[in-house]
Amino acid sequence: MTDHPGSIAPEDATAVSNDEAEARAGLVLALRGRGIGDRSLLSAIERLPRRLFLAARYHRLAYEDASIPIECGQTVSAPSYVARVVQALALTREHRVLEVGTGSGYQTAVLGYLAGEVDSIDRYKTLVELAAQRVAALKLRNVRVHHADGLGGLKERSPFDRIVLTGAVPEVPEVLISQLAPEGVLIAPVGKPGDQQILTKILRGAAGDEYQEIDRVRLVSLMEGRADKL
C-alpha cells in the first residue's frame, strides 16, 4: 500500500502515553457533558487513537473537540458531532452499516467497534488507501473500505440496517433509501451547499418512511462520481 504523510505503522497504532490516556479521558468527560450517554459509544471513542487519523502536525489537537483538516481538502468531524450521529444510529452487533464518505476513517472505526459489519465508501482514492491502512492497524476485520461513488450506495452488499452520510446532500438519493432494510435507519445532513443543513433521521417502517430532525449543522457537501487521481 502507498505510504502517505501522517500514516502510522500498525505496531504504533495502539501505543498510548499517559498524556494521551488523560486526553482521551478528558474528551469522554466533555462528551458526557454534551449529552452523550451511550456507554459503549463512549468506550469506543476512549479506546480509539484519533491521532492515527491525522497528519503529524495536528496530533496535538487529536483530542480537542474540533474538526481538523485532512487530505484531499476534506476534514475529520469533531468528536461531538461523530458521537451525536453514532448515538442516534443506536447500533448493536447485529447491524450492518453503510457509511457514505469515509474521509479519514475516524467515524468508520467508531462504527466498526459498535456494529457487526461496516462498509464505507469514498470517492477519493487517497482517502480510501489511508483509511484502509488505519483500519488494518486497528485490526477492525469487520470493516471494508471501498473506492466508489458513495451516492450510488453499494447495492451488491445491501440491504443495510443503518446508513449514514458524512456530508450534506440537497436531498437523500432514493437509491440509498432503497438499500435500507425494513426498520432501518438512515442519517444525513440535508440542505444546499454553503447553507445550514438539517441533520435528518429517516426510519423505514411498514407504513412508510418517517423523517425526524435531529439538529441543524453546516457540513461540506458530498460530491458525485469517483476521483481516480486524487
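Scroll up to find the structure.
Residues numbered from 1 in each chain as written. Predicted model: local features only at pLDDT ≥ 70, side-chain atom pairs only at ≥ 80, totals over all residues. Heavy atoms only, no water.

## Quick look at the overall build of the protein
Rules: Helix and strand assignments follow DSSP, with helices taken as H or I runs no shorter than four residues and strands as E runs no shorter than two, numbered in order from the N terminus. Just to be clear, the radius of gyration here is over C-alpha atoms, and the globule rule we use is 2.2 Å times residues to the power 0.38. The contact criterion used throughout is that any non-hydrogen atoms of two residues lie within 4.5 Å. The Shrake-Rupley method, run with a 1.4 Å probe sphere, supplies the accessible areas, and residue values consider only the shown protein chains as cover. Only four residue types enter the charge count, namely Lys and Arg as positive and Asp and Glu as negative; His and the chain termini do not. Every charge is mapped onto a representative atom, which is NZ of Lys, CZ of Arg, CG of Asp or CD of Glu.
Of regular secondary structure, the protein possesses six helices and nine strands. Here the C-alpha atoms of the protein give a radius of gyration of 17 Å, agreeing with the 17 Å that 2.2 N^0.38 yields for 230 residues. Overall, the protein is about 50 × 40 × 35 Å in size when its C-alpha atoms are taken along their principal axes. Put simply, of all contacts in the protein between residues at least 6 apart along the chain, 56% involve residues at least 24 apart. When the accessible area of the protein is evaluated, it comes to approximately 10800 Å², of which 49% is carbon and sulfur surface. Averaging the coordinates of the 28 positive side-chain charges in the protein and doing the same for the 30 negative ones gives two points 1 Å apart.

## Description of helix α1 (residues 18–33)
Just so we agree on the cut-off: Helix span is expected to be 1.5 Å times the residue number reduced by one. With a 1.4 Å probe rolled over the protein chains alone, any residue whose accessible area is under 20% of its type maximum counts as buried; one over 50% counts as exposed, and the rest are partly exposed. In this description, the arc belongs to the directions extending from the helix axis to the C-beta atoms.
Counted at 1.5 Å a residue, the expected span for α1 with its 16 residues is 22 Å, and the 23 Å between its end C-alpha atoms agrees. The set of residues buried in α1 consists of Glu20, Arg24, Leu27, Val28 and Leu31. Taken around the axis of α1, the buried residues stretch over an arc of 100°, which confines them to a single face. What points out from α1, more than 90 degrees from its buried face, is the exposed set Asn18, Asp19, Glu22, Leu29 and Gly33. Contacts from the buried residues of α1 go to α2 (39–47) and α3 (79–89).

## A short note on the packing of α2 against helix α4 (residues 106–114)
Threshold: Structural elements are reduced to axes, namely lines fitted to C-alpha atoms, with helices fitted over the stretch in contact, and the angle between N-to-C directions of any two is expressed from 0 to 180 degrees. An angle below 35 degrees is treated as roughly parallel, one above 145 as roughly antiparallel, one from 65 to 115 as roughly perpendicular, and anything else as oblique. Helix crossings fall into two classes, left-handed where the near helix is turned counterclockwise from the far one by less than a right angle and right-handed where it is turned clockwise. Under the convention adopted here, Pro, Cys and the residues Ala, Val, Leu, Ile, Met, Phe, Trp and Tyr are nonpolar, Asp, Glu, Lys and Arg are charged, and Gly plus all remaining residues are polar.
With their axes 9 Å apart at the nearest point, α2 and α4 run at an angle of 130° to one another. On the basis of the axis angle, α2 is oblique to α4. For the pair α2 and α4, the sense of crossing is right-handed. Residue-level inspection shows Ser40, Leu41, Ala44, Ile45 and Arg47 of α2 in contact with α4, the latter providing Tyr106, Val110, Tyr113 and Leu114. Across the contact of α2 with α4, the residue classes break down as seven nonpolar, one polar and one charged.

## A short note on the sheet that holds strand β7 (residues 180–190)
Filter applied, for reference: When DSSP locates at least two bridges between a pair of strands, those strands are taken to pair.
Spatial strand order, β5-β4-β3-β6-β7-β8-β9: seven strands in an open sheet with mixed pairing. Here the strands that pair on one side only, and so sit at the sheet edges, are β5 (143–147) and β9 (208–217). The sheet shows a mean angle of 15° between the axes of neighbouring strands, taken without regard to direction. Summarising the sheet, strand β3 (residues 96–100) and strand β4 (residues 117–122) pair through five bridges and their orientation is parallel. Considered in β4, the bridge of Leu98 is made with Asp119. Sheet strands touched by helix α5 (residues 125–137): β4 and β5. Its angle to β5, the strand with the most contacts, is close to 165°.

## Here we look at the side chain of Glu99
Note the threshold: We define a salt bridge as a contact between a side-chain nitrogen of Lys or Arg and a carboxyl oxygen of Asp or Glu at a distance within 4 Å.
Relative to the elements of secondary structure, Glu99 occurs in strand β3. Among buried Asp, Glu, Lys and Arg side chains, Glu99 stands out as unpaired, with Arg134 the closest opposite charge at 11 Å. Those residues in contact with Glu99, other than ones at most four positions away along the chain, are Gln107, Thr108, Leu111, Asp119, Ser120, Ile121, Val164 and Thr166.

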